[in-house]
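Structure assessment
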Amino acid sequence: MITLSPARARPADRAPSDSDKTPEAQLKTWIVGPEGWVTNANLVAQGGAPILENFLSYSDGWRPRGGYEVQATTTGDVVSLFAYLANGVKKFFAADDTSIYEFSTGSSGALTASVTGQTSGAYSALESQTAGGSFLTVVNGEDAAQQFNGSTWSAPSITGVSSADLSHIWAYGNRNWFVEKDTLSAWYLGTNSVSGAATEFPLSSVFNSGGSLLFGANWSSDAGDGLDDRCVFVTDRGEAAVYAGDPAGTFALQGVFEIGAPLSANAYFRLGGDLIIATSDGLIPMSGAVGADKGQLPNVALSRAIEPNWRKRADSAGNWSIARWNAGGFAYIATPKDADGADVFAFNLKTGAWSLITGWLPSVIAGLSDEIYFGDGVNICRANRGGTDDGSQFVCKAAFAADHMEAPGRFKTVQMARATFKYNAPYSAKVSVAADHSTAFPPAPSTGAMGAGADSLWDVAAWDAAEWGKRSDDYLIDASWRTVSAQGWTAAPQVQVLSSSAASQANVTVLSVDALYSVGGPVV
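Before going into details, it helps to say that this report is about the structure given with it. (Residues numbered from 1 in each chain as written. Predicted model: local features only at pLDDT ≥ 70, side-chain atom pairs only at ≥ 80, totals over all residues. Heavy atoms only, no water.)

What to know about the sheet that holds strand β32 (residues 371-376)
- Reading across from one edge, β5-β33-β32-β31 is the order of the four strands in this open sheet, with antiparallel pairing throughout. Two strands lie at the open edges of the sheet, namely β5 (68-73) and β31 (364-368), each paired on one side alone. Here the average twist between neighbouring strands, direction ignored, is 30°.
- Pairing between β32 and strand β33 (residues 379-383): four bridges, direction antiparallel. Bridge assignment links G375 to a residue of β33, and that residue is I380. (Pairing = 2+ DSSP bridges. Helix = DSSP H or I, 4+ residues; strand = E, 2+ residues; numbered from the N terminus. Axes fitted to C-alpha atoms, helices over the stretch in contact; angles between N-to-C directions.)

Here we look at the pattern of salt bridges
- By the definition in use, this model includes 16 salt bridges.
- With a closest N to O distance of 2.9 Å, D60 and R63 form a salt bridge.
- D376 serves as the salt-bridge partner of K337, at 3.4 Å between the closest nitrogen and oxygen. Of this pair, K337 sits in the loop between β28 (330-334) and β29 (344-348) while D376 sits in strand β32; the two residues are 39 residues apart in sequence, bridging distant segments of the chain.
- The class for K337 is partly exposed, based on a relative accessible area of 39%.
- Look at D376 and you get buried, because its relative accessible area is 19%.
- Where salt bridges share partners, they join D281, K294, E307 and R311 into one cluster. (Salt bridge = Lys/Arg side-chain N within 4 Å of Asp/Glu carboxyl O. Buried < 20%, exposed > 50% of the residue type's maximum accessible area, 1.4 Å probe, protein only.)

Focus on the packing of aromatic side chains
- Summed over all chains, the structure comprises 40 aromatic pairs.
- For the pair F233 and Y243, a centre-to-centre distance of 5.7 Å together with 85° between the ring planes defines the contact as edge-to-face. Taken together, the residues F233 in strand β21 (residues 230-235) and Y243 in strand β22 (residues 239-245) connect sequence positions 10 residues apart. Taken individually, F233 and Y243 each receive the classification buried, so the pair is uniform in this respect. (Phe/Tyr/Trp six-rings, centres within 6.5 Å; stacked < 30°, edge-to-face > 60°.)

Below, the structure is given as structure tokens:
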């Protein structure tokens, strides 16, 4: 028999203490903000998502990306993509190392070459409007230039320099300009001309770091072409010389600026009037490079939020490419393939938010008439089509920033969580919580549908049960609580959405996540 000492007996009138109580449940909310994918911040910094994979970041939430379908095939691996768009004629072209192929949105199967006998598929392309019509000119620095007039290909007559030595083409001041490969010389044609005599514009005395010209481009202070346009010459050593005027009159040097080593001759695009260039230091706007020290370039980079990921990919050998998807408001930046595959960075042109696309393996990506196409081996792939990658489902993953939940150093237990989804069609999702900065996700959601977005569709909904008068652009809200299990000093909600319909993109938006948790005492 055990005898309890009277000194250890609890007085009958003792008031309850905190240790007698079950910890009170508390609520924490994470709201999807405009920051998108952020990897350059402290792990417990608020705002942004350290993981945002296959979601696109919009101003009102995260939505699954579209899938892709294989449109047609070439004989060799696709190296470049370009388009002819004039006078109601819309023709797309893909090039491998030996040929150029024509295709359209209705093409399928193996394509027949339109141009053969080439030795490189790394083309630079420019469409020009002249009094004689519209012409698409392509150069690759290995073969004679080729030109398409809307119906046939031919070799333009360019004198003064071998067109086989011209590696890049761009337009400035109603002239076609070219880079002569492995030199610091540019060449230009007469105004509104696509052939004829070319005049050299030497730049060897302008640059301080040597190297050779890689590309040229038009840079403007506004979104159009006008008197404030400037011509930018960029070297492979990361210098950009800016000129204004016309070479037939006053063509004045405005300055030479360091922008970081360009990642490809075609890895740039226009945003408004600004010239945006993919470099080893990030996605650099020319407007930000002016006046910035080389060491300050990462601070002005549009890619600052994902600087660690950008720098890691910049170390990979190979060319980068960029496609503007004007209809969707994004730019896609394709990195080179390596042992880890390839990444595609998606950049919201309005908000500046980033996300990561996995599952695409582009050798090149391009925007053709507001459609996004990319090459994957011999396949020409059309992006943003349905909700599968050539028939294969994929998972969209997001993790919010870890949070101490106003009790640093104290142990927490998360019992329940709910994500708020906006949707108008059934979807499959899973909500979980990771503890102590874990990046592991639980198994992906199954194909079982959540929500009831299709319940009111005519000829699908249950008669006399579904709501009437619901338009297809209406949406519903799902904020169901789900049991989760996570214990640790920090917690970070996770959301996964399965995209599995070949016919349509998953139409669901992640808005926020709530978590119910309790706090224990300090643990040492």
